[in-house]
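# Overview (structure and organization)
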Amino acid sequence: MQFSGERPRCPVCGQPVHDKPEHMTQLDATHFAPKNIPRIRFRGKMDSVQGLMQLIAARARSWRLADLAGHLDTLAAYCREIVSAEYNDREVAPIEVAGLDEAALREATHHPQKVLGIPHLTPGPDDHEILHWLNYLRAQVREAELDALDAFAPSPMYEPTRPDLIRALNRLSSAVYYLELLYKAGQFDWRVP
(Lines give C-alpha, C1' and ligand atoms only; values in the text may rest on other atoms or scores of the structure.)
Protein backbone atom coordinates (compact mmCIF):
# COMPACT_ATOMS: atom_id res chain seq x y z
CA MET A 1 0.00 0.00 0.00
CA GLN A 2 1.46 3.38 -1.04
CA PHE A 3 0.53 6.57 0.82
CA SER A 4 0.10 10.14 -0.32
CA GLY A 5 0.25 13.20 1.92
CA GLU A 6 1.50 12.99 5.50
CA ARG A 7 2.55 9.43 6.24
CA PRO A 8 1.71 7.59 9.44
CA ARG A 9 4.71 7.02 11.68
CA CYS A 10 6.17 4.01 13.40
CA PRO A 11 5.40 4.27 17.15
CA VAL A 12 8.80 2.77 18.02
CA CYS A 13 11.23 4.80 15.93
CA GLY A 14 9.02 7.74 14.93
CA GLN A 15 9.98 7.51 11.27
CA PRO A 16 7.38 7.79 8.49
CA VAL A 17 6.15 4.47 7.14
CA HIS A 18 6.33 4.50 3.33
CA ASP A 19 4.85 1.06 2.75
CA LYS A 20 2.65 -0.55 5.41
CA PRO A 21 3.96 -4.01 6.22
CA GLU A 22 1.34 -6.77 6.49
CA HIS A 23 2.11 -7.31 10.18
CA MET A 24 1.19 -3.70 11.06
CA THR A 25 -2.08 -1.78 11.25
CA GLN A 26 -3.23 1.77 11.85
CA LEU A 27 -2.98 2.63 15.55
CA ASP A 28 -4.46 6.09 15.04
CA ALA A 29 -4.53 8.69 12.28
CA THR A 30 -0.77 9.18 12.36
CA HIS A 31 0.77 5.93 13.66
CA PHE A 32 1.11 2.29 12.67
CA ALA A 33 1.75 -0.50 15.15
CA PRO A 34 2.20 -4.29 15.10
CA LYS A 35 -1.11 -6.13 14.94
CA ASN A 36 -0.41 -8.13 18.09
CA ILE A 37 -0.02 -5.28 20.58
CA PRO A 38 -2.61 -5.13 23.40
CA ARG A 39 -4.50 -2.13 21.94
CA ILE A 40 -5.08 -3.92 18.64
CA ARG A 41 -6.03 -7.15 20.45
CA PHE A 42 -8.55 -5.08 22.43
CA ARG A 43 -10.05 -3.73 19.20
CA GLY A 44 -10.28 -7.26 17.82
CA LYS A 45 -12.11 -8.38 20.96
CA MET A 46 -14.52 -5.47 20.61
CA ASP A 47 -15.17 -6.49 17.00
CA SER A 48 -15.98 -10.00 18.26
CA VAL A 49 -18.29 -8.66 20.98
CA GLN A 50 -20.11 -6.44 18.50
CA GLY A 51 -20.51 -9.35 16.06
CA LEU A 52 -21.84 -11.59 18.82
CA MET A 53 -24.35 -8.91 19.83
CA GLN A 54 -25.58 -8.68 16.27
CA LEU A 55 -25.91 -12.47 16.02
CA ILE A 56 -27.88 -12.60 19.27
CA ALA A 57 -30.07 -9.73 18.05
CA ALA A 58 -30.80 -11.78 14.92
CA ARG A 59 -31.72 -14.78 17.10
CA ALA A 60 -33.92 -12.55 19.24
CA ARG A 61 -35.74 -11.39 16.11
CA SER A 62 -36.24 -15.01 15.02
CA TRP A 63 -37.87 -15.66 18.42
CA ARG A 64 -40.02 -12.54 17.93
CA LEU A 65 -38.26 -10.64 20.72
CA ALA A 66 -38.11 -7.39 18.78
CA ASP A 67 -37.59 -5.15 21.81
CA LEU A 68 -34.67 -7.24 23.03
CA ALA A 69 -33.19 -7.19 19.52
CA GLY A 70 -33.51 -3.40 19.45
CA HIS A 71 -31.66 -3.06 22.75
CA LEU A 72 -28.91 -5.34 21.46
CA ASP A 73 -28.65 -3.16 18.35
CA THR A 74 -28.16 -0.17 20.66
CA LEU A 75 -25.39 -2.00 22.53
CA ALA A 76 -23.71 -3.01 19.25
CA ALA A 77 -23.64 0.67 18.29
CA TYR A 78 -22.13 1.40 21.70
CA CYS A 79 -19.34 -1.09 20.94
CA ARG A 80 -18.56 0.99 17.85
CA GLU A 81 -18.57 4.12 20.05
CA ILE A 82 -16.01 2.55 22.40
CA VAL A 83 -13.67 1.61 19.53
CA SER A 84 -14.08 5.03 17.90
CA ALA A 85 -13.27 6.79 21.17
CA GLU A 86 -10.20 4.60 21.65
CA TYR A 87 -8.94 5.16 18.08
CA ASN A 88 -9.58 8.92 18.15
CA ASP A 89 -8.26 9.36 21.72
CA ARG A 90 -11.43 10.96 23.04
CA GLU A 91 -13.73 10.22 25.96
CA VAL A 92 -16.30 7.47 25.51
CA ALA A 93 -19.88 8.76 25.50
CA PRO A 94 -22.05 7.52 28.36
CA ILE A 95 -24.17 4.45 27.78
CA GLU A 96 -27.95 4.43 27.76
CA VAL A 97 -30.10 1.36 27.12
CA ALA A 98 -33.73 0.46 27.73
CA GLY A 99 -34.34 3.98 29.03
CA LEU A 100 -31.66 3.76 31.72
CA ASP A 101 -28.53 5.87 32.07
CA GLU A 102 -25.33 4.63 33.73
CA ALA A 103 -26.44 5.36 37.29
CA ALA A 104 -29.84 3.69 36.83
CA LEU A 105 -28.20 0.67 35.15
CA ARG A 106 -25.85 0.28 38.07
CA GLU A 107 -28.72 0.51 40.55
CA ALA A 108 -30.86 -2.03 38.65
CA THR A 109 -28.07 -4.57 38.25
CA HIS A 110 -26.89 -4.27 41.83
CA HIS A 111 -30.39 -4.37 43.31
CA PRO A 112 -32.64 -6.32 40.90
CA GLN A 113 -35.02 -7.37 43.68
CA LYS A 114 -35.74 -3.74 44.51
CA VAL A 115 -35.89 -2.51 40.90
CA LEU A 116 -37.45 -5.46 39.02
CA GLY A 117 -38.79 -7.70 41.77
CA ILE A 118 -36.46 -10.61 40.97
CA PRO A 119 -33.24 -11.84 42.59
CA HIS A 120 -29.83 -11.93 40.93
CA LEU A 121 -29.76 -14.68 38.36
CA THR A 122 -27.59 -17.35 36.88
CA PRO A 123 -29.20 -19.06 33.88
CA GLY A 124 -30.02 -22.70 34.49
CA PRO A 125 -30.93 -25.74 32.39
CA ASP A 126 -34.62 -24.81 32.22
CA ASP A 127 -34.04 -21.28 30.94
CA HIS A 128 -34.67 -20.25 27.34
CA GLU A 129 -31.70 -20.35 24.97
CA ILE A 130 -31.72 -16.55 24.57
CA LEU A 131 -30.90 -16.14 28.26
CA HIS A 132 -27.86 -18.38 27.83
CA TRP A 133 -26.74 -16.37 24.79
CA LEU A 134 -27.07 -13.15 26.79
CA ASN A 135 -25.07 -14.66 29.64
CA TYR A 136 -22.34 -15.73 27.19
CA LEU A 137 -22.33 -12.22 25.70
CA ARG A 138 -21.87 -10.74 29.16
CA ALA A 139 -18.88 -13.04 29.73
CA GLN A 140 -17.36 -11.86 26.44
CA VAL A 141 -17.81 -8.22 27.44
CA ARG A 142 -16.04 -8.95 30.71
CA GLU A 143 -13.15 -10.49 28.74
CA ALA A 144 -13.02 -7.33 26.64
CA GLU A 145 -12.73 -5.34 29.87
CA LEU A 146 -9.70 -7.45 30.83
CA ASP A 147 -8.19 -6.88 27.37
CA ALA A 148 -8.70 -3.14 27.88
CA LEU A 149 -6.90 -3.34 31.21
CA ASP A 150 -4.01 -5.16 29.50
CA ALA A 151 -3.89 -2.42 26.88
CA PHE A 152 -4.35 0.64 29.09
CA ALA A 153 -3.01 -0.22 32.55
CA PRO A 154 0.77 -0.26 32.63
CA SER A 155 0.65 -2.53 35.67
CA PRO A 156 -1.96 -3.76 38.14
CA MET A 157 -0.50 -1.32 40.66
CA TYR A 158 -1.21 1.80 38.55
CA GLU A 159 -4.36 3.55 37.40
CA PRO A 160 -5.36 2.80 33.80
CA THR A 161 -4.48 5.45 31.24
CA ARG A 162 -8.02 5.16 29.81
CA PRO A 163 -10.35 4.85 32.82
CA ASP A 164 -13.24 5.97 30.61
CA LEU A 165 -12.82 2.83 28.45
CA ILE A 166 -12.68 0.58 31.49
CA ARG A 167 -15.81 2.21 32.92
CA ALA A 168 -17.62 1.98 29.56
CA LEU A 169 -16.92 -1.75 29.36
CA ASN A 170 -18.00 -2.27 32.95
CA ARG A 171 -21.28 -0.49 32.20
CA LEU A 172 -21.67 -2.44 28.95
CA SER A 173 -21.45 -5.64 30.99
CA SER A 174 -24.10 -4.23 33.34
CA ALA A 175 -26.30 -3.35 30.36
CA VAL A 176 -26.17 -6.93 29.08
CA TYR A 177 -26.96 -8.24 32.56
CA TYR A 178 -29.87 -5.81 32.74
CA LEU A 179 -31.24 -7.30 29.51
CA GLU A 180 -30.93 -10.74 31.12
CA LEU A 181 -32.85 -9.50 34.14
CA LEU A 182 -35.54 -7.90 31.98
CA TYR A 183 -35.96 -11.12 30.04
CA LYS A 184 -36.20 -13.20 33.22
CA ALA A 185 -38.70 -10.71 34.68
CA GLY A 186 -40.92 -11.19 31.62
CA GLN A 187 -40.46 -7.65 30.36
CA PHE A 188 -40.06 -8.57 26.66
CA ASP A 189 -43.17 -9.24 24.61
CA TRP A 190 -43.07 -12.00 22.02
CA ARG A 191 -44.14 -10.22 18.88
CA VAL A 192 -43.37 -10.01 15.21
CA PRO A 193 -40.56 -7.49 14.60
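Up top you'll find the structure we're talking about.
Below is a short write-up of the structure. (Residues numbered from 1 in each chain as written. Predicted model: local features only at pLDDT ≥ 70, side-chain atom pairs only at ≥ 80, totals over all residues. Heavy atoms only, no water.)

End to end, helix H6 (residues 163-184) covers 32 Å across 22 residues, agreeing with the expected 32 Å (1.5 Å per residue, within 8%). The element H6 is largely enclosed, with a buried count of 18 among its 22 residues. (Helix = DSSP H or I, 4+ residues; strand = E, 2+ residues; numbered from the N terminus. Expected span 1.5 Å × (residues − 1). Buried < 20%, exposed > 50% of the residue type's maximum accessible area, 1.4 Å probe, protein only.)

Okay, helix H1 (residues 38-62) next. An ideal rise of 1.5 Å per residue puts 36 Å on 25 residues; H1 measures up with 36 Å between its terminal C-alpha atoms. The first or second residue beyond H1 is Arg64, which carries a positive phi of 60°.

Looking at where Lys45 falls in the secondary structure, it is placed in helix H1. Sequence-distant contacts of Lys45, that is, excluding residues within four places in its chain, are made with Gln140, Glu143, Ala144 and Asp147. (Contact = heavy atoms within 4.5 Å.)

In the structure shown here, the tally under the stated rule is 11 salt bridges. Residues Glu129 and Arg59 are paired through a salt bridge, measuring 3.9 Å at the closest nitrogen-oxygen approach. One end of the pair, Glu129, is in helix H5 (residues 129-152); the other, Arg59, is in helix H1, and 70 residues separate them in sequence. Here Arg162 makes a salt bridge to Asp89, at a shortest N to O gap of 3.7 Å. One end of the pair, Arg162, is in the loop between H5 and H6; the other, Asp89, is in the loop between helix H2 (66-88) and helix H3 (102-110), with 73 residues separating them in the sequence. Relative accessible area serves as the criterion here: at 9%, Arg162 is assigned to the buried category. By sharing partners, the salt bridges in this structure join Arg39, Arg43 and Glu86 into a single network. (Salt bridge = Lys/Arg side-chain N within 4 Å of Asp/Glu carboxyl O.)

Glancing now at the packing of H1 against H2. Interhelical geometry of H1 versus H2 gives an angle of 165° and a closest axis separation of 8 Å. Judged by the inter-axis angle, H1 sits roughly antiparallel to H2. The element H1 and its partner H2 pack so that their crossing is left-handed. Among the residues making up the contact of H1 with H2, the classes are represented as 16 nonpolar, 3 polar and 6 charged. (Axes fitted to C-alpha atoms, helices over the stretch in contact; angles between N-to-C directions. Parallel < 35°, antiparallel > 145°, perpendicular 65-115°, else oblique. Left-handed = near helix turned anticlockwise from the far one by under 90°. Nonpolar A, V, L, I, M, F, W, Y, C, P; charged D, E, K, R; others polar.)

Using the criterion set out here, one finds 2 aromatic pairs in the structure. Look at Phe42 and Phe152: their rings are 5.9 Å apart centre to centre, the planes differ by 85°, and that puts the pair in the edge-to-face class. Pair noted here: Phe42 is in helix H1 and Phe152 is in helix H5, with a separation of 110 residues, a long-range link. Each member of the pair, Phe42 together with Phe152, is buried. Taken together, a centroid distance of 6.4 Å and an interplanar angle of 75° make the contact between Trp133 and Tyr136 edge-to-face. (Phe/Tyr/Trp six-rings, centres within 6.5 Å; stacked < 30°, edge-to-face > 60°.)

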